[in-house]
Amino acid sequence: MLIGVEEDDLLKLLEAMKVALPQKDLTKYKTSESHLDWQKVAFNSYTAEMCKQKWQEVSKEIRKFRTLTELIVDAQDYIKNPYKGKKIKKHPDFPKKPLTPYFRFFMEKRAKYAKLHPEMSNLDLTKILSKKYRELPDKKKKKYVDDFLRDKESFVHSMMKFREEHPDLVESMTKKGSNVPEKPKTPQQLWYNHEKKAFLKTRPDATTKDIKDSLGKQWTQLSDKKRLKWITKSLEQQKQYEETMREYIQQHPELNMTQGDIVKSTLTKAERHLKDKSDGRPDKPPPNGYSMFCAELMSSMKDVPSTERMVMCSQRWKLLKQNEKDGYQKRCEQVSSESSSHSLSEEEQQRVLGEEKPGFKKGSGASSPTNPEKPKRPISAMFIFSEEKRPKLQQERPDLSDSDVTRLLARMWNELPEKKKEKFKRLETVLKAESEKKEKEDRSRLPDPPKTAQDIWQQSVIGDYLARFKNDRPKAQKAMEATWSTMEKKEKIMWIKKAAEDQKRYERDLCEMRSPAAVIASGKKMKFEGEPKKPPSNGYQKFSQEMLSNGELNHLPMKERMAEIGSRWQRLPLKEKDRYKKIAEEKQRQYKVQLEQWLASLSSQERNTYKEYNSQKRRNTAKPGGPKAKSKKSVSALISLSAVTELIHQLFANYLSTGRR
């Protein structure tokens, strides 16, 4: 409340301001305030200046993005009830919440520990006291818990008294639109609320973090039978919510809400599957042959990490012949035709039809796997800057983790002047141009992507729709989408079959493109699952591997690193070189055995693909102008040069030894 002024006087001031304002006040409040005649507003012993000053004090407490007339109405409400809304807790009669048991312990011990450890910050003191409280025996904790429960009880009584004495304030505490039906809770939320009550009975001093830590993992470990209980309760809540919401929408047409806005499942995909399984509903058939192949293969991959499963499935699918892929597609179509939703209730059929896969538009056909040939996005200017500065920063600040280094680099980039940023932005432009060029090349090389049933149908009728809507493409598109959504399944079957044929065509073209010859022509290396890694072919390679893996030379750029390894190899005694040579020979023998075992474990088709790839690779590298020809020449030149250098060193050493004799 404003000091030295009665509430009645303030209300009189606002009334006087209202009278002084024009009837149609449509300008901004600041404009109206500057043009207001404060001499007309002055009343009793209050001068114009005093009235203006008091108005400015009142206006600080209310929103100002409106007209002055509207602001005066708000100001009148504020004068009558200054504690309305969020400010209710500032009311002198509003009871204070009791301190938790931990906070009581903290307040009692803080001064003592601050004297014992004056060098410690508040954060460190809090950590120590938090640990001390956790280690406190239950007998000693009981004192703080009892005090908390006693104060909590008095707080509840005080709150009830406050509600009785200030009913108008309590109404403002509730949210606007509180009569809107409460949304249904998920099975996990229902279970959590139930378990939380039981947990607080045994441990009333527990914090929200303690409850979450204790109950966090228990839901996933619940048996299917127990989980079904909460799934059923959640579905009952959802049904009740939908009914009350329909009534609410009818009573409030101004909200412009439809049934589509309110019907939302409270179950996750796994919970829905569990419920369907318990109701005896058959599993949803796979959308295509590739999905069926993956599902069958994954059932035998329980020990394989989830991140690697899809990669393995994709590699195995590529190795299949076209007739084997067609077999999976036929089986998939057969399963789809056998499984039907006639045995389900009308409500369930509506739910099945309404279900949509997240991330896909309505009416889209079977989704194809993510395109592995798609080029990567070009790196940004900030990334180029980070990669340039990271090694130096890691050397200067070895105490920082990778994520801390990344954050620091981001801050450095933001603080970098625009002139210095230009260098990195130019590099980004160059890389972007290269990426776009590569993308165009890849697009020209890749087969046309498969079309959905809706796309094929739209292609056949678009001429008629454009003529009907006078070449207005957006209107024609909307009309086609509306027609497709109302078409019966019988009418769509022809187009669905055509889409399936187009999918087969795409997979066939993609398979031909990815044959060993095509892979080698593209300059990419073909990976084979389980193929043993090739060992070093000589002692120098083994020594290089060892030097690169131990991280001793990581501070040097790659060129300098390799030069340093070469010079160290030359300084190495002959005995050490022989040792590395023997290790390399032993590794080569082991590799041959492992390769034979791996080839024997492959199917005849996989073995033929591997042999074809290697023979094609050898033929390609044997050509004078083929790929890697230049690199082979340079490697052989380096090997001969290192051999000559080593021979000179040995002759020079022999000369010195004979000279001394």
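Residues numbered from 1 in each chain as written. Predicted model: local features only at pLDDT ≥ 70, side-chain atom pairs only at ≥ 80, totals over all residues. Heavy atoms only, no water.

Draft legend 1. Layout of the overall build of the protein. Looking only at helices and strands, one finds 30 helices and zero strands in the protein. Looking at the protein residue by residue over its 661 residues, the buried ones come to 30%. Counting every atom, the protein has about 47,800 Å² of accessible surface; 54% of that belongs to carbon and sulfur. (Helix = DSSP H or I, 4+ residues; strand = E, 2+ residues; numbered from the N terminus. Buried < 20%, exposed > 50% of the residue type's maximum accessible area, 1.4 Å probe, protein only. Areas by Shrake-Rupley, 256 points an atom, 1.4 Å probe, with all protein chains shown as cover.)

Draft legend 2. Fine view of unusual backbone geometry. Of note, Asn-44 is a non-glycine position whose phi angle comes to about 50°, a positive value. Relative to the helices and strands, Asn-44 resides in the loop between helix 3 (38-41) and helix 4 (48-59). With a relative accessible area of 65%, Asn-44 lands in the exposed category.

Draft legend 3. A look at the environment of Lys-587. With respect to the element layout, Lys-587 can be found in helix 28 (residues 574-601). A residue is classified by how much of its surface remains accessible, and Lys-587, at 36% relative accessible area, is partly exposed. Expressed as a C-alpha distance, the spacing of Lys-587 and Asn-538, which sit 49 residues apart in the sequence, is 9.8 Å. With residues up to four places along the chain from it excluded, the contact list for Lys-587 reads Pro-535 and Lys-542. (Contact = heavy atoms within 4.5 Å.)

Draft legend 4. Inspection of the pattern of salt bridges at higher detail. Scanning all chains against the criterion turns up 19 salt bridges. Salt-bridge contacts for Arg-390 lead to Glu-387; the nearest nitrogen and oxygen are separated by 3.7 Å. With a gap of three residues between them, Arg-390 and Glu-387 both fall in helix 19 (residues 381-396), about one helical turn apart. Assessed through its relative accessible area of 18%, Arg-390 is described here as buried. By sharing partners, the salt bridges in this structure join Glu-108, Lys-109 and Lys-143 into a single network. (Salt bridge = Lys/Arg side-chain N within 4 Å of Asp/Glu carboxyl O.)

Draft legend 5. Summary view of the packing of helix 1 (residues 7-20) against helix 4. Where helix 1 contacts helix 4, the axes come no closer than 11 Å and their chain directions differ by 105°. For the element pair helix 1 / helix 4, the angle class is roughly perpendicular. For the pair helix 1 and helix 4, the contacting residues are Leu-10, Leu-13, Leu-14 and Met-17 in the first and Cys-51, Lys-54, Trp-55 and Val-58 in the second. A breakdown of the residues in the contact of helix 1 with helix 4 according to their chemical character gives seven nonpolar, no polar and one charged. (Axes fitted to C-alpha atoms, helices over the stretch in contact; angles between N-to-C directions. Parallel < 35°, antiparallel > 145°, perpendicular 65-115°, else oblique. Nonpolar A, V, L, I, M, F, W, Y, C, P; charged D, E, K, R; others polar.)

Draft legend 6. Representation of the packing of helix 10 (residues 187-202) against helix 11 (residues 208-215) within the structure. Relative orientation of the contacting elements helix 10 and helix 11 amounts to 115°, with a least axis distance of 11 Å. Where helix 10 crosses over helix 11, the two elements pack in a sense that is right-handed. Side by side, helix 10 and helix 11 meet where Trp-191, Tyr-192, Glu-195, Lys-196, Phe-199 and Leu-200 of the first sit next to Asp-210, Ile-211, Lys-212, Ser-214 and Leu-215 of the second. By residue class, the composition of the contact of helix 10 with helix 11 is six nonpolar, one polar and four charged. (Left-handed = near helix turned anticlockwise from the far one by under 90°.)

Draft legend 7. Layout of the packing of aromatic side chains. Scanning the model with the defined rule gives 20 aromatic pairs in all. Here Phe-293 and Trp-317 contribute two aromatic rings whose centre-to-centre distance is 5.3 Å and whose plane-to-plane angle is 55°, an arrangement assigned as tilted. In this pair, Phe-293 sits in helix 15 (residues 289-298) while Trp-317 sits in helix 16 (residues 306-319), placing the two residues 24 residues apart along the sequence. Accessibility classification places Phe-293 together with Trp-317 in one group, the buried group. Judged by centre distance (5.4 Å) and plane angle (50°), the rings of Phe-385 and Trp-413 are tilted. In this pair, Phe-385 is assigned in helix 19 and Trp-413 in helix 20 (residues 402-415), connecting sequence segments 28 residues apart. In this structure Phe-385 comes out as buried when scored by relative accessible area, which is 2%. Through pairs of rings, three or more aromatic residues link up here, namely Tyr-102, Phe-103, Phe-105, Phe-106, Tyr-133 and Tyr-144. When the ring centre of Trp-219 is taken as origin, the NZ or CZ atom of Arg-227, which lies over that ring, is 5.5 Å away. Positioned above the aromatic ring of Tyr-580, the side-chain terminus of Arg-579 is 4.8 Å from the ring centre. (Phe/Tyr/Trp six-rings, centres within 6.5 Å; stacked < 30°, edge-to-face > 60°. Lys NZ or Arg CZ within 6 Å of the ring centre and 35° of its normal.)

Draft legend 8. Summary view of a positive patch on the surface. On the surface, Lys-112, Lys-131, Lys-132 and Arg-134 cluster together into a positively charged patch. Ranked by residues supplied to the positive patch, first place goes to helix 7 (residues 122-135) with three residues. Locating Lys-131 in the fold gives a position in helix 7. Owing to a relative accessible area of 47%, Lys-131 belongs among the partly exposed residues under this scheme. (Patch = residues over 30% accessible without salt bridge, like charges linked within 9 Å, V, L, I, M, F, W, Y side chains within 5 Å. Lys, Arg positive; Asp, Glu negative; His and termini not counted. Charge placed at Lys NZ, Arg CZ, Asp CG, Glu CD.)

Draft legend 9. Looking closely at the nonpolar core. Ranked by internal contacts, the top residues of the largest apolar core, which has 18 residues, are Met-17, Trp-38, Val-41, Cys-51 and Trp-55. Among the secondary structure elements, those contributing two or more residues to this core are helix 1, helix 3, helix 4 and helix 5 (68-80). The dominant element in this core, judged by the number of residues it contributes, is helix 1, at five residues. Among the nonpolar cores identified, the runner-up in size contains 13 residues, and Ala-453, Tyr-465, Leu-466 and Ala-479 belong to it. (Core = buried A, V, L, I, M, F, W, Y, C linked by side-chain atoms within 4.5 Å.)

Draft legend 10. The arrangement of helix 23 (residues 473-486) in detail. Taking 1.5 Å of rise per residue, the 14 residues of helix 23 would be expected to cover 20 Å, and the 20 Å separating its terminal C-alpha atoms lies within 8% of that figure. For helix 23, the full list of buried residues reads Ala-476, Ala-479, Met-480 and Trp-484. Down the axis of helix 23, the smallest arc covering the buried residues is 135°, so these residues share one side. Exposed and oriented more than 90 degrees from the buried face of helix 23 are Pro-474, Lys-475, Lys-478, Ser-485 and Thr-486. (Expected span 1.5 Å × (residues − 1). Arc of directions from axis to C-beta.)

Draft legend 11. Spotlight on helix 28. Taking 1.5 Å as the rise per residue, helix 28 with 28 residues should run 40 Å; its terminal C-alpha atoms sit 41 Å apart, in good agreement. Among the residues making up helix 28, those that are buried are Lys-577, Tyr-580, Ala-584, Tyr-591, Leu-595, Trp-598 and Leu-599.

Draft legend 12. Fine view of the confidence of the model for the protein. A residue-level look at the protein finds 72% of positions with pLDDT of 70 or above and a mean pLDDT of 75. Per-element confidence in the protein is highest for helix 28, whose mean pLDDT is 88, and lowest for helix 30 (residues 629-660), whose mean pLDDT is 49. Note that residues 355-375 has pLDDT below 50 and, in this model, 26 contacts with residues that lie over four places away or in other chains. Ignoring residues within four places in sequence, the model shows residues 627-642, a span with pLDDT below 50, making six contacts including any to other chains. (pLDDT = per-residue confidence, 0-100.)

Draft legend 13. Main features of a nonpolar patch on the surface. Residues Tyr-540, Leu-548, Met-558 and Met-562 make up a contiguous nonpolar surface patch of roughly 330 Å² in combined accessible area. Taken together, the elements giving at least two residues each to the nonpolar patch come down to helix 26 (539-549) and helix 27 (558-571). Relative to the assigned elements, Met-558 resides in helix 27.

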